[in-house]
Structures are given as structure tokens and as C-alpha cells.
Amino acid sequence: MAKPEDELSDPVVRNHNNDEEEEEEEGEQNDDIEDEGEEEDKDLESQKAKLRNRFQNFFSRIQHESVPIRVHDVVIKGNTKTKDYLIEAVTASLKDASTIQELFAASSEVNFRLQALEIFDSVKITLDSGPPELPGTANVIVDVVETRSPLLGEIGVFNKGEASSSSLEGTLKYKNIFGYGDLWDGALAYDCDRKAEVSAGVFLPRFKGLVTPVTARLFLQSQDCLKFSSFKERSLGLSLGLFSARNHDLVYNLAWRTLTDPSRMASSSVRRQLGHGLLSSLKYTFKIDRRNSPLRPTHGFAFVSATQIGGLAPDSHSLRFLRQELDLRCAIPLGFYRSALNLGISAGVVFPWGSGFSSMPSPLPERFFLGGNLSPVCTLGGPTSLWGFRTRGLGPTEPRRQFQSNPANENTDSGRDHLGGDLAVAVFADFSFDFPSKWLSAKGIHGHFFASAGNVEKLTENAYRNFYLRKFTESFRSSVGVGVVIPTNLFRMELNYCYILKKFGEDCGKSGFRVSFASPS
């Protein structure tokens, strides 16, 4: 009987032993899995550390030496309406990069240029490695988001180089209608000198095979100069941008111009120029502006040269003249209270050309007029203003026509017409500084001391024979003053006290408080 019990007990014992063996095997397997997990974690951490070291070494190498690279491809994404060739033209400089440093710089420049087209809400440029079989290459991914609201309205204060004061302008724009980056706009403008303009135009950043932007603008312009020079000017015409680059600009203007005198009091010099005239001119502008700010320069320099030739149409009414403007500015930091000394000199000359040009007058609207509520610090582009003098407030004048003011037939003088000049020179110095107030400094409000001088002279109709440089410099008008400058995003406002140092009998300028506005030109 013992054997059966033994036989029955043996399987139990064996089964129990088998369970223990299985548990031991499972335990060993779990230990193996844990060991493998720990090894995988260690491998992952090791890979992360190696990758981190590679990035650190890579960025350290970029900072200390040039890393050669070649752009394999530029991939453009996100444009559904905009033509590919427009974006490809802007991004073409990416393929010229031969180092990582050049590629980073080119990417930043391309991003800025794409944003400047005003047809994208966002632009993102990503650098990726090239194909594995092509080591040392990179792919550039340009991802754009086209604007959701192509219609845009703007209103602001602006200043054009040829204008005598700032203007209030309203513009309605429609972007990228045909996918060429085209910008269509209509504008209304009015300034304090009773100058109004209605215009419509189109801007094409790159059209077909052309390598520069194309601009075309139709305009109707009217300016009331009766208060200063006894004439009203109206122009209807077309402005066509032929070439535009970073520092160069070439524009052709074609306009039918009419000068009238509704008051019938114009001087004889003004009356001789009344009537119709055809303006057909080509204007080339070279501009460099390395100042850190156009509203408050504290270091850098700027230079502008504008050359215009009129009379490019075979018509008897064509206005034939040559006009040259120069402007040089320099801002010198002084090292305390963010102070800086701004110095500027500008000059301009206009002269008729053609048969008997020496005895002919220059076109009245093309002459130079000094004065007005403009800050010379901002108005870059030629001699336009002097602190303390009214618009067209200095230079050659001529008595207006005499008229009868009462039934007693008493003749009275109705004033004088300011005729402008064929030669103009203006200089200024402006010392700007921060106030010892953190709140004012944070808002950009600062003070300045200033001085300005300038003169306008006639050269045409044989007047150049009586021109003497010493006499011209001795007759410079001048002013000094002090004021507070309040800059905004749109313009620069100055609250100044001006003191006239030198003026002549017919000049319109006086000492006192003045408010001036100016926007970068």
C-alpha cells in the first residue's frame, strides 16, 4: 500500500518542483528583460549625449570657422495663388551660399524680402539635410501663408521728396489679384499747402522676364499757390517706374500741366509762365542711408543725388530743363544721454536748355523754395526747409499787379510773389539729447538745440552774370532754437522756439514758437 501513496505523492512533488523551476525561469527572463531595458535606456541616453555633443560641436564650429555647404534644392510650400517664379526669383540667392554662415544670412534676407511683398501673412524658412548620397548638402524649405485679407486700407502722414510739406494720405490697396505679387491701390492726399492729389497705380515686384519691379501710376494733382506766388497748378499724367534697386531708382513722368491765376494779381514773371505745358522728364535717384533711424539718427550717414532732365518730347509746349539735387547727412554719437550731433548740407540747381537757354526762365514749379513747417532732420532729398521761416518764405520776390481797392481809385499794393530760385543751398546742425527721465526716454521724447542757414538765388534770364559766390554766402538767412521732439510711428513732431538771426525785408519769417511735423522721406 505504500507504493501507491508514493506514486501519488511523487507527481505532486514533481509538479511542485516543476512550478518552482518555471518560476525560476520566469524570474531569470524578467531579470533579462530588465537588464535589456536598462541597456536600452543607457543606449538612448548615450545617443542623446552624442547628438548633443554633435550639435554643440557644430554650433561652436559655426562660430569660429566657415563650414562649407551646398544647397541641393529649395522647396516652396503653401502658395496656392502666387506664381512659383515670383518666389523662386526672391529665393534665388539661397543657392549662391557656399557656407552655413552665408546660408543663414541669405535666409534672413529672403525672409525679409518675402515679407516686404505684403502678400503673405507669414514666412517660415527651414534648413534640412540633403540626400544621404550627397554629403555636405542641404535642402531649404520655404513655407508661406498667403494673406487672408487682400483688401487693406491705410491712413497716415507722409512726406515726399519733392513736396514742400507733409501730407495726410488715405490709401486703399488690393493685393495679389493675379498672383504676380501685384499691388493695386487708389489714394487721396492733401497737405497743409493746399496741395491735393488723386491717384491710382499698380506695383509689380517682378513681372515675367524683368529683373526689377515695375510701377505705373495715373495721377491728378492740384496745388494752390495763390497765397505765396499767385498761381494754381494742375497736372494730369502718368508716372512709370523703369528701374528700381536698393540704391537706384529711374522714373519717367509724362504730365499735362496748367498754370492759372484766378486772382488776376500775379506779377509779370508769373504771368509769363501761365498756360499749358507738357512735362516729359526722366529722373534718376541714387540714395544711400546708413543711419540707424530716419526719425532720430544717432549714428551713420546718408547721401542722395537726384538728376532730372525735362523736355524729352518733340513738342513746342515741352518744358526743357535740367535739375540736380544733392543731400549729405551725418550723425555723430556723443556718448552721454544718448546725445548725437546731426549735420546736413543740401544743394540744388535748375537750368533751362535749348536754343537761347541763357535768356530763358526756368519752369516755375521746378524751382527751389525754402521754408515751411518741416524738420530738416527728416527731409532727406534736397534743400526744402529752414527752421523759423514760412513756406516759400525766402528768396527772390516780385510785386504783384496793382489793383483798385475802392471807388476813390486809390492804388494799393496787393503784396509780393515769391518766385523761388535756380540755385539753393541749405545747412543745419541739430544736437539731440535724452531728458533725465526714464519715462520720457522710454517714450522716445527728447530735446534738441538746432541751427540752420540757407539761401536761394536766381541764375536764369542772364542773372548768372551778376552772381558772386561771396555775395551769395553773405546773404544766407539763418536761425537758431531749442525744442522738444515727440516721435511717433508715423511722423516726428517738434515743439520749437525759433529765433531768426538773419533775414531780409521781403522774407517771411519771425521769432517765436512753432510746431512742425515731418515723416521720413
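Residues numbered from 1 in each chain as written. Predicted model: local features only at pLDDT ≥ 70, side-chain atom pairs only at ≥ 80, totals over all residues. Heavy atoms only, no water.

The name given to the chain in an unreviewed UniProt entry is Outer membrane OMP85 family protein, and the organism recorded there is Populus tomentosa. The chain has a UniProt comment under Sequence similarities (unreviewed entry) that states "Belongs to the SAM50/omp85 family." (UniProt positions renumbered as here; feature names shortened; annotations may be inferred.)

> Would you mind going over the overall build of the chain with me for this structure?
Helix and strand counts for the chain come out as 7 helices and 23 strands. Here the chain, with 521 residues, has 41% of them falling under the buried criterion. A sequence separation of at least 24 residues applies to 57% of the contacts in the chain between residues at least 6 apart. For the chain, the computed accessible surface area is about 28600 Å², with 57% contributed by carbon and sulfur atoms. (Helix = DSSP H or I, 4+ residues; strand = E, 2+ residues; numbered from the N terminus. Buried < 20%, exposed > 50% of the residue type's maximum accessible area, 1.4 Å probe, protein only. Contact = heavy atoms within 4.5 Å. Areas by Shrake-Rupley, 256 points an atom, 1.4 Å probe, with all protein chains shown as cover.)

> Which parts of the structure should I look at to understand the packing of aromatic side chains?
The relation between two aromatic rings is expressed through the spacing of the ring centres and the mutual angle of the planes. The full count for this structure, using the stated rule, is 14 aromatic pairs. Seen from the ring of Tyr 180, Lys 83 lies directly overhead, with NZ or CZ sitting 5.5 Å from the centre. Over the aromatic face of Trp 353 sits the side chain of Arg 320, whose NZ or CZ is 5.7 Å from the ring centroid. (Phe/Tyr/Trp six-rings, centres within 6.5 Å; stacked < 30°, edge-to-face > 60°. Lys NZ or Arg CZ within 6 Å of the ring centre and 35° of its normal.)

> Explain the side chain of Ser 475 here, please?
Looking at the secondary structure, you find Ser 475 in the loop between α7 (469–474) and β21 (477–487). Judged by relative accessible area, which is 16%, Ser 475 ranks as buried. There is a polar contact of 3.0 Å between the side chain of Ser 475 and the backbone oxygen of Lys 471. Those residues in contact with Ser 475 that lie beyond four places of it in its chain are Asn 455, Lys 502 and Phe 504. (Polar contact = N/O pair within 3.5 Å; in protein donor to acceptor, adjacent residues only side chain to side chain.)

> Please clarify how the pattern of salt bridges should be interpreted in this entry.
Two side chains that carry opposite charge are able to pair once their charged atoms sit near each other. Counting across every chain of the model gives 16 salt bridges. The residue Lys 173 makes a salt bridge to Glu 118 at a minimum N-O spacing of 3.9 Å. Of this pair, Lys 173 sits in strand β5 (residues 167–175) while Glu 118 sits in the loop between α3 (100–116) and β2 (120–129); the two residues are 55 residues apart in sequence, bridging distant segments of the chain. Glu 461 is paired through a salt bridge with Lys 458; the nearest N and O atoms lie 2.8 Å apart. The partly exposed category is assigned to Glu 461, whose relative accessible area is 26%. Given the relative accessible area of 31%, Lys 458 is considered partly exposed. Several salt bridges converge on common partners, so that one network encompasses Glu 233, Arg 257 and Glu 366. (Salt bridge = Lys/Arg side-chain N within 4 Å of Asp/Glu carboxyl O.)

> Please clarify how the nonpolar core should be interpreted in this entry.
For soluble globular proteins, nonpolar side chains are generally found buried alongside one another. In this structure, Leu 94, Leu 114, Leu 117, Phe 120, Val 140 and Val 142 are the most contacted members of the largest nonpolar core, which totals 19 residues. Broken down by secondary-structure element, the contributors of at least two residues to this core are β1 (70–77), α2 (84–90), α3, β2 and β3 (137–146). Looking at this core element by element, the count peaks at 4 residues for α3. In contact with Leu 114, not counting residues within four places along its chain, are Ile 87, Val 90, Thr 91, Phe 120, Val 123 and Val 142. Phe 219, Phe 321, Phe 368 and Ala 424 belong to the second largest nonpolar core, which has 15 residues in total. (Core = buried A, V, L, I, M, F, W, Y, C linked by side-chain atoms within 4.5 Å.)

> Just checking my understanding: could you explain the pairing of strand β12 (residues 300–310) for this structure?
Looking along a regular strand, one sees side chains alternate from face to face of the sheet. Bridge analysis of strand β11 (residues 275–289) against β12 gives 9 bridges, and the strand direction is antiparallel. The residue of β12 that forms the bridge with Asp 289 is Ala 302. With 11 bridges joining them, β12 and strand β13 (residues 321–333) adopt antiparallel strand pairing. Following the sheet pairing, Val 304 is matched in β13 by Asp 327. (Pairing = 2+ DSSP bridges.)

> Is there a simple way to think about the sheet that holds β1 in this case?
Pairing between sheet strands relies on hydrogen bonds along the backbone, with the strands arranged either parallel or antiparallel. Spatially, β1-β3-β2 is the arrangement adopted by the 3 strands of the open sheet, whose pairing is mixed. Each edge of the open sheet is held by one strand with a lone partner, namely β1 and β2. Direction aside, the axes of adjacent strands within the sheet are offset by 15 degrees on average. Two strands pair when backbone bridges link them, and β1 and β3 are joined in this way by 7 bridges, in the parallel orientation. By the bridge assignment, Val 71 is partnered in β3 with Ala 138. Strands in contact with α3 are β1, β2 and β3; relative to β2, the strand with the most contacts, it is inclined by about 160 degrees. (Axes fitted to C-alpha atoms, helices over the stretch in contact; angles between N-to-C directions.)

> So what exactly am I meant to see when it comes to α3 here?
Three or four residues apart is the spacing at which side chains of an α-helix point the same way, because the helix has 3.6 residues per turn. With 17 residues, α3 ought to run about 24 Å at 1.5 Å a step, and its terminal C-alpha atoms sit 24 Å apart, in line with that. Along α3, the residues that are buried comprise Ile 100, Leu 103, Ala 106, Ser 107, Val 110 and Leu 114. Seen from one end, α3 has its buried residues packed into an arc of 115 degrees, which puts them on one side. Glu 118 sits one or two residues past α3 and shows a positive phi near 65 degrees. (Expected span 1.5 Å × (residues − 1). Arc of directions from axis to C-beta.)

> Sorry, what's going on with the environment of Gly 420 here?
As for its position among the elements, Gly 420 is in the loop between β18 (416–418) and β19 (423–434). For the pair Gly 420 and Glu 457, spaced 37 residues apart in sequence, the C-alpha to C-alpha distance is 7.7 Å. Not counting the four nearest positions on each side in its chain, Gly 420 is found in contact with Arg 367, Phe 368, Phe 369, Pro 396 and Val 456.

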